[in-house]
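Chain and residue survey
The chain contents come next:
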Amino acid sequence: MADFKLNGLVAAPFTPFHENGDLNLTPIEPYMNLLLADGVKSVFICGTTGEGPSMTLAERKSLAEKWVQVGKDKLEAVVVHVGCGNLRETIELAKHAKEIGASAIASIPSVFFKPKTIDLLVDYMREISLAAPDLPLYYYHIPGLTGTDFPMDDFLGAAKGRVPSLRGIKFGDPNLINFGHASERFGHEYQMCFSKDELLLPSMTFGSEAFVGSTYNFCGKPCNRIIAAFKNKDLESAQKDQFKFLAMVKIIVQYGLNVATQKAMMSLSRIDLGPTRAPIPNTSAEQKEALKKDLTEMGYFEWIN
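This write-up is about the structure you can find in this document.

Here we come to the overall build of the protein chain. A tally of helices and strands in the protein chain yields 13 helices and eight strands. Taken over the C-alpha trace, the protein chain has a radius of gyration of 18 Å; the compact-globule value for 305 residues is 19 Å, and the two agree within 12%. The C-alpha extent of the protein chain, read off along each of the three principal axes, is 50 × 45 × 35 Å. Looking at the protein chain as shown, the accessible area adds up to about 13200 Å², and 53% of this sits on carbon and sulfur atoms. Charged side chains of the protein chain number 32 positive and 35 negative; the gap between the two group centres comes to 2 Å.

Here it is, written out as structure tokens:
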């Protein structure tokens, strides 16, 4: 387990729903094949982009089973986010992920009764680790949504020896100073996976080698170009694609930086995966047409292909 490592782009897939809001597993396999065609070889399911918190336990289990099934011998890794509003259900999903053959698990902390200290957070993660001791575990750090925000180097220092299966952090925060401190102190022991897509290029200067994000669902090719250019010390090419990426993000923000906007982009770019669930507002037909126009004007459709 100490040798387990995520590599390159890791898509955070959208969860397909029927128009009535029911889970729709039919598109998962063609969806996976589109990711592979874009050079995206791993997935992180049931997280923020996947609307995991809006799904029932049964739905999350069904979705995980489907991704593991279709990804066998094709995907490098299927990471299942198991975090719930309480520890008991989180543990239930962790055990299920182990049973179905997931590659790894990840979890946020509880978000209503929040851990008030680093030690309480470590204790919480330890319980998850003990429930699935043979699965690599990533702490999902996304303070903008969970409200739990500690220096991640301090967390890793406290977790060492206490959370036996902890493999690293999914770092969903733009605070590169926090990320850098954790990478410097513990990058040789734990994997720091960066998860703010718009900072892909600068995150590599702090040693990130795995990148988990929503935009990799439709931007796999240009983002792989950024990674390759950085590794080849071709900063000019890397910056060119990174600046284009930022132009795309600016458009996303204009239409609401939420799952619905990016699901609309996925529909325009790759595959239709249906609506989002309340309370996330769906993109209207008029908004989708305007979004398509703005993306066309910036050269988005040529850029991603």
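Don't stop here, the text continues.
With that settled, consider the pattern of salt bridges. If you walk through the whole model with that rule in mind, you get 15 salt bridges. Between Asp 38 and Arg 270 there is a salt bridge, and its shortest N-O distance comes to 3.0 Å. In this pair, Asp 38 is assigned in the loop between α1 (28–37) and β2 (42–45) and Arg 270 in the loop between α11 (259–269) and α12 (285–297), connecting sequence segments 232 residues apart. Just as Asp 38 is buried, Arg 270 falls in that class too. When the shortest N-O distance is used, the salt bridge between Lys 61 and Glu 92 registers 2.7 Å. Residue Lys 61 is located in helix α2 (residues 57–71), and its partner Glu 92 is located in helix α3 (residues 87–100); the two are separated by 31 residues in the primary sequence. Overall, Lys 61 belongs to the partly exposed group, its relative accessible area being 22%. Residues participating in the shared-partner salt-bridge network are Asp 38, Lys 221 and Arg 270.

On to unusual backbone geometry. At the junction of Ala 278 and Pro 279, the peptide bond is cis and its omega measures out at 10° in the coordinates. Within the secondary structure layout, Pro 279 lies in the loop between α11 and α12.

What follows concerns the packing of aromatic side chains. Scanning the model with the defined rule gives 12 aromatic pairs in all. Ring geometry for Phe 171 versus Phe 194: centroids 6.1 Å apart, planes at 15°, classification stacked. Here Phe 171 is found in strand β6 (residues 166–171), whereas its partner Phe 194 is found in strand β7 (residues 191–194), with 23 residues between them in sequence. Exposure remark for Phe 171: the relative accessible area of 0% places this residue in the buried category.

Residues Trp 67, Phe 155, Met 248 and Tyr 300 are the most contacted members of the largest nonpolar core, which totals 87 residues. Apart from residues no more than four positions distant in its own chain, Trp 67 is found in contact with Pro 13, Ile 28, Tyr 31, Met 32, Leu 35, Val 43, Ile 45, Leu 75 and Val 78.

Two elements in contact, helix α6 (residues 152–159) and helix α7 (residues 176–186), have axes whose closest approach is 7 Å; the angle formed by their N-to-C orientations is 35°. Taken together, the residues of α7 that come into contact with α6 (itself represented by Met 152, Asp 153, Asp 154, Leu 156 and Gly 157) are Asn 178, His 181, Ala 182, Arg 185 and Phe 186. Each residue belonging to the contact of α6 with α7 can be placed in one class, and the counts come to four nonpolar, three polar and three charged.

For the structure shown, the criterion picks out zero disulfides. Cysteine Cys 84 shares no disulfide, and the gap to the nearest cysteine sulfur, in Cys 46, comes to 9.3 Å. A residue is classified by how much of its surface remains accessible, and Cys 84, at 8% relative accessible area, is buried.

Reading the values: the criteria
- Residues numbered from 1 in each chain as written.
- Predicted model: local features only at pLDDT ≥ 70, side-chain atom pairs only at ≥ 80, totals over all residues.
- Heavy atoms only, no water.
- Helix = DSSP H or I, 4+ residues; strand = E, 2+ residues; numbered from the N terminus.
- Rg over C-alpha atoms; globule rule 2.2 N^0.38 Å.
- Areas by Shrake-Rupley, 256 points an atom, 1.4 Å probe, with all protein chains shown as cover.
- Lys, Arg positive; Asp, Glu negative; His and termini not counted.
- Charge placed at Lys NZ, Arg CZ, Asp CG, Glu CD.
- Salt bridge = Lys/Arg side-chain N within 4 Å of Asp/Glu carboxyl O.
- Buried < 20%, exposed > 50% of the residue type's maximum accessible area, 1.4 Å probe, protein only.
- Phe/Tyr/Trp six-rings, centres within 6.5 Å; stacked < 30°, edge-to-face > 60°.
- Core = buried A, V, L, I, M, F, W, Y, C linked by side-chain atoms within 4.5 Å.
- Contact = heavy atoms within 4.5 Å.
- Axes fitted to C-alpha atoms, helices over the stretch in contact; angles between N-to-C directions.
- Nonpolar A, V, L, I, M, F, W, Y, C, P; charged D, E, K, R; others polar.
- Disulfide = S-S within 2.5 Å.

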